[in-house]
Amino acid sequence: MSAMVIDGKVISAKVREEIKEEVMKMTDKPGLAVVIVGEDPASKVYVRNKEKGCEEVGFYSEVHALPERTTEEELLSLINKLNVRSEIDGILVQLPLPGHLNEKKVINSINPEKDVDAFHPVNTGKIMIGDYDFLPCTPAGVMRLLEESNIDVSGKNCVVVGRSNIVGKPQAMLLLRKNGTVTICHSKTKDLKAECRRADILVVAMGKARFITSDYIKPGAAVIDVGMDRDENGKLCGDVDFNGVKEVAGAITPVPGGVGPMTIAMLLTNTLNAAKKHGKR
Ligand code: NAP
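No experiment lies behind these values; they were computed from the predicted model shown. (Residues numbered from 1 in each chain as written. Predicted model: local features only at pLDDT ≥ 70, side-chain atom pairs only at ≥ 80, totals over all residues. Heavy atoms only, no water.)

> It is not clear to me how the overall build of the protein chain should be interpreted in this structure. Could you clarify?
From N to C terminus, the protein chain includes ten helices and eleven strands. In summary, the protein chain has a C-alpha radius of gyration of 19 Å against a globular reference of 19 Å for 281 residues, a match within 12%. Expressed along its principal axes, the backbone C-alpha trace of the protein chain runs to roughly 55 × 45 × 35 Å. Across the 281 residues of the protein chain, 49% fall into the buried class. Across the protein chain, the fraction of contacts at a sequence separation of at least 24, relative to all contacts at a separation of at least 6, is 69%. (Helix = DSSP H or I, 4+ residues; strand = E, 2+ residues; numbered from the N terminus. Rg over C-alpha atoms; globule rule 2.2 N^0.38 Å. Buried < 20%, exposed > 50% of the residue type's maximum accessible area, 1.4 Å probe, protein only. Contact = heavy atoms within 4.5 Å.)

Here is the structure:
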């Protein structure tokens, strides 16, 4: 039997609609500032989508597109200004930054209360102790997909493939907080297939096109594919071999149309929450 396909587009639209309804009742609108440095075409598309997302739910937004040659001093000075402006509730610096800019220093300069990407060490630390204001957008989107699909995490064997700071590690923390029994796998894991086959919930974030095939899957498992890769023909695909795995899994997210659309929805959720924390009603 074929797996239930978890539709990220539908669930993301629902989240954005909820935000829009809430914003309509507010007199002081949430505001997001997006900063982009340089000309990376993929980053430009992401920034445009974030801007469109803000417009759609009625947020105030501004994009600061800075030239490639921008100095660290200039960038930090802009962030300092955004940090104190009351109409700005969230600040997002689009990564990656050009090589001459120190990403760590730049992220650390964002006011943690406006860090809607949740990359600042204060916010990553808060996730560790379960006392957080913001969740990183992609892992939060995965949790919302599970919740909306009525997939209960409590007591389940959860396996996360990947241990990056933006996806794998926080994902493991969020599953643990929901009482999953969590295993984190990475490139040094001895028998990845055996680990994956124990998973009731498998979250894959490794960046390897269609790596996870049906023989990695426990029958009936929920499989969440975070990967955004290109196959040998340049076509967008995930880390999971969707066609094969859907015949074994109980539920599965497609790529595109699974985790991807949730990321912006969660960014908007974080910005709304920041605005409320800043006293906007
Ligand atoms: P990353 O920083 O490159 O991390 C990849 C992780 O996968 C690493 O921990 C690596 O292990 C592990 N890995 C790689 N090959 C492996 C193998 N053969 N066996 C076991 N583990 C392996 O990537 P990322 O930033 O987390 O992103 C992962 C994927 O998600 C990418 O395709 C990215 O484009 C996508 N992504 C999507 C969204 C979205 O909105 N949908 C957001 C963010 C990222 P080591 O640590 O040992 O090297």
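> Mind showing me how you'd approach the pattern of salt bridges here?
A side chain with one charge may pair with a side chain of the opposite charge, provided their charged atoms come close. Within the structure shown, the criterion is met by 18 salt bridges. Note that Glu18 and Arg144 form a salt bridge whose closest N and O atoms lie 3.2 Å from each other. Taken together, the residues Glu18 in helix 1 (residues 8-24) and Arg144 in helix 6 (residues 137-148) connect sequence positions 126 residues apart. Among the residues examined, Arg144 registers a relative accessible area of 18% and is labelled buried. (Salt bridge = Lys/Arg side-chain N within 4 Å of Asp/Glu carboxyl O.)

> What should I look at first to understand the site of the ligand in this one?
Near the ligand, the surroundings consist of 22 residues, among which Arg163, Ser164, Ser187, Asp229 and Thr263 are the closest. Within the backbone of Val226, one N or O atom sits 3.5 Å away from an oxygen atom of the ligand. The contact in question runs from an oxygen atom of the ligand to an N or O atom on the side chain of Asp229, over 2.8 Å. Protein contacts shield 71% of the accessible area of the ligand, which totals 920 Å² for the unbound molecule. Split by residue class, the shell around the ligand holds ten nonpolar, nine polar and three charged. (Near = heavy atom within 4 Å. Polar contact = N/O pair within 3.5 Å; in protein donor to acceptor, adjacent residues only side chain to side chain. Areas by Shrake-Rupley, 256 points an atom, 1.4 Å probe, with all protein chains shown as cover. Nonpolar A, V, L, I, M, F, W, Y, C, P; charged D, E, K, R; others polar.)

> Honestly, the pairing of strand 7 (residues 201-204) in this entry has me stumped. Any pointers?
Both faces of the sheet carry side chains from a regular strand, because those side chains alternate between them. Going residue by residue along strand 7, you find Ile201 and Val203 tucked away on one face and Leu202 and Val204 tucked away on the opposite face as well. Strand direction decides the pairing type here: strand 5 (residues 157-161) and strand 7, joined by four bridges, are parallel. Across the sheet, Cys158 pairs through a bridge with Ile201, a residue of strand 7. Strand direction decides the pairing type here: strand 7 and strand 8 (residues 222-225), joined by four bridges, are parallel. Paired with Ile201 across the bridge in strand 8 is Ala222. (Pairing = 2+ DSSP bridges.)

> Just checking my understanding: could you explain the domain arrangement of the protein chain for this structure?
Quite often, the size of an interface is put as the accessible area lost when its parts meet. Domain annotation of the protein chain identifies domain 1 (28-111) and domain 2 (137-260). With centres defined by C-alpha atoms, the gap from domain 1 to domain 2 works out at 29 Å. (Domains from an automatic or database assignment.)

> I would appreciate a short explanation of the sheet that holds strand 6 (residues 181-185) in the present structure.
Sheet strands associate in pairs through backbone hydrogen bonding, adopting either a parallel or an antiparallel arrangement. Strand order in the open sheet formed by six strands is 1-11-8-7-5-6, with parallel pairing between adjacent strands. Each edge of the open sheet carries a strand with a single partner, namely strand 1 (4-5) and strand 6. Against the sheet, helix 7 (residues 168-177) touches strand 5, strand 6 and strand 7, its axis set at about 170 degrees to strand 5. (Axes fitted to C-alpha atoms, helices over the stretch in contact; angles between N-to-C directions.)

> Just to check I follow, could you spell out the packing of aromatic side chains for this structure?
When we look at a pair of aromatic rings, we describe it by the centre distance and by the angle of the planes. Under the counting rule described, the total for this entry stands at one aromatic pair. Taken together, a centroid distance of 6.1 Å and an interplanar angle of 65 degrees make the contact between Phe211 and Tyr216 edge-to-face. For Tyr216, a relative accessible area of 12% gives the class buried. (Phe/Tyr/Trp six-rings, centres within 6.5 Å; stacked < 30°, edge-to-face > 60°.)

> How should the state of the cysteines be read in this particular structure?
Here, disulfide denotes a covalent bond that connects the sulfur atoms of two cysteines. All told, the structure shown has zero disulfides when counted by the stated rule. A disulfide-free cysteine, Cys54 has its sulfur positioned 11 Å from the sulfur of Cys137, the nearest such atom. Summary of cysteine pairing: Cys158 is not part of a disulfide, and the nearest cysteine sulfur, belonging to Cys185, is at 12 Å. You can call Cys158 buried: its relative accessible area is 0%. (Disulfide = S-S within 2.5 Å.)

> Please explain helix 3 (residues 72-84) as it appears in this structure.
Think of an α-helix as turning once every 3.6 residues; residues three or four places apart then point the same way. Here helix 3 spans 19 Å end to end across 13 residues, near enough to the 18 Å set by a 1.5 Å rise per residue. Of all the positions in helix 3, only Glu72, Leu75, Leu76, Leu78, Ile79, Leu82 and Asn83 are classed as buried. Buried residues of helix 3, seen end-on, are gathered within an arc of 155 degrees and therefore sit on one face of the element. Residues of helix 3 that are exposed and angled more than 90 degrees away from the buried face: Glu73, Lys81 and Val84. The secondary structure elements touched by the buried residues of helix 3 are strand 2 (31-37), strand 3 (60-66), strand 4 (90-93) and helix 4 (103-108). (Expected span 1.5 Å × (residues − 1). Arc of directions from axis to C-beta.)

> Looking at this model, I keep getting lost on the nonpolar core. Mind explaining?
General note: in soluble globular proteins, nonpolar side chains tend to be found buried as a group. Counting 49 residues, the largest nonpolar core has Ile19, Phe59, Leu146, Leu175 and Ile201 as the members making the most contacts within it. It is helix 10 (residues 260-277) that contributes the most residues to this core, eight residues altogether. Taken together, domain 1 (28-111) and domain 2 (137-260) each give at least three residues to this core, which thus spans both. Ignoring sequence-local partners within four residues, the contact set of Ile201 consists of Leu146, Ile151, Asp152, Val153, Lys156, Asn157, Cys158, Val159 and Ala222. (Core = buried A, V, L, I, M, F, W, Y, C linked by side-chain atoms within 4.5 Å.)

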